[in-house]
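Each chain is listed here by its residues.
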Amino acid sequence: MSLEEMKKRVRQHIDLSWNKGRLALAEQLHSQDFLYKSSFMGKPLSSSGYVQMVQDIRHAMPDLEVVIEDCIAEGYKVVTWSTLIGTIEKPALGYPPSDKVMSISAMAFWTFTPAGDIREICTMFDMESFRAQLGLETRPFAEKALP
């Protein structure tokens, strides 16, 4: 699979799962041993766990849209920088509803199998900015880093 084909597959996966909720189609792009890891999840998720998480978030944020800002590929890896935009209408992942339109920046590292299936997605979200937008307490980096 070429670098451009991998980037196209990542864009397709984001559009199918996050933007359209076509999760059965997105799941077909996963390898048998697919794992999803994230800065806001306590443990890796399997393909079915990933589908449930996306369903839960889309249920809480029905107007959610993910915009890909940049997409870079090398070897069997793709890196995306995305912005998630939407309103939290129902509680999600321990966060309260809000009438504010949220903008959350995310970086994701995608790993592919040689056959072109998505083996792993590891996503880091700017959770401090997210918390600030919700009006929740944020902590300076040094306070979190020091024992």
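Cut-offs applied
Residues numbered from 1 in each chain as written. Predicted model: local features only at pLDDT ≥ 70, side-chain atom pairs only at ≥ 80, totals over all residues. Heavy atoms only, no water. Helix = DSSP H or I, 4+ residues; strand = E, 2+ residues; numbered from the N terminus. Rg over C-alpha atoms; globule rule 2.2 N^0.38 Å. Contact = heavy atoms within 4.5 Å. Core = buried A, V, L, I, M, F, W, Y, C linked by side-chain atoms within 4.5 Å. Buried < 20%, exposed > 50% of the residue type's maximum accessible area, 1.4 Å probe, protein only. Phe/Tyr/Trp six-rings, centres within 6.5 Å; stacked < 30°, edge-to-face > 60°. Pairing = 2+ DSSP bridges. Axes fitted to C-alpha atoms, helices over the stretch in contact; angles between N-to-C directions. Parallel < 35°, antiparallel > 145°, perpendicular 65-115°, else oblique. Polar contact = N/O pair within 3.5 Å; in protein donor to acceptor, adjacent residues only side chain to side chain.

Caption draft 1: How the structure looks around the overall build of the protein. When helices and strands are tallied, the protein shows 5 helices and 5 strands. Relative to the 2.2 N^0.38 estimate, which gives 15 Å for 147 residues, the radius of gyration of the protein is 16 Å and therefore close to what a compact globule would have. Structurally, the protein occupies a C-alpha span of about 45 × 35 × 25 Å along its principal axes. When contacts within the protein are restricted to residue pairs at least 6 apart in sequence, those whose partners lie at least 24 apart make up 54%.

Caption draft 2: Up close: the nonpolar core. The biggest cluster of nonpolar side chains holds 40 residues, and the ones touching the most others in it are W18, Y36, M53, V78, W110 and F130. Here V78 is in contact with M6, K7, V10, C71, I72, A73, A108, F109, W110 and F112, once residues within four sequence places are set aside.

Caption draft 3: Inspection of the side chain of T123 at higher detail. Among the structural elements, T123 can be located in strand 5 (residues 118-125). If we ignore the near neighbours within four places in the chain, the residues touching T123 are Y36, K37, S38, S39, A106, M107 and A108.

Caption draft 4: Representation of the packing of aromatic side chains in the model. Per the stated rule, a full pass over the model turns up 3 aromatic pairs. Centroid distance F34 to Y50: 5.7 Å. Interplanar angle 70°. Geometry classified as edge-to-face. Taken together, the positions of F34 in strand 1 (residues 30-38) and Y50 in helix 3 (residues 47-60) put the pair 16 residues apart, joining distant regions of the chain. Given a relative accessible area of 4%, F34 falls into the buried group. Their ring planes at 55° and their centres at 5.1 Å tell us that Y36 and Y50 sit as a pair that is tilted. With Y36 in strand 1 and Y50 in helix 3, this residue pair connects regions lying 14 residues apart in the sequence. Each member of the pair, Y36 as well as Y50, carries the same accessibility label: buried.

Caption draft 5: Summary view of the pairing of strand 3 (residues 77-87). Pairing geometry for strand 2 (residues 65-74) and strand 3, over 9 bridges, is antiparallel. Along strand 3, the bridge assignment pairs D70 with W81.

Caption draft 6: The packing of helix 1 (residues 3-19) against helix 3, seen in detail. Close contact between helix 1 and helix 3 brings their axes to 9 Å; oriented N to C, the two are set at 55°. Here helix 3 runs oblique to helix 1, going by the angle between their axes. Note on element contacts: helix 3 touches helix 1 through Y50, M53, V54, I57 and R58, opposite H13, S17, W18 and N19.

Caption draft 7: Representation of the pairing of strand 5 within the structure. Summarising the sheet, strand 1 and strand 5 pair through 5 bridges and their orientation is parallel. Residue pairing for strand 5: H30 is matched across the bridge by I118.

Caption draft 8: Spotlight on the environment of K7. Structurally, K7 can be placed in helix 1. Placed 73 residues apart in sequence, K7 and T80 show a C-alpha to C-alpha distance of 8.9 Å. Beyond its immediate sequence surroundings of up to four residues, K7 is in contact with C71, I72, A73 and V78. A polar contact of 3.1 Å, which involves the side chain of K7, links it to the side chain of E4.

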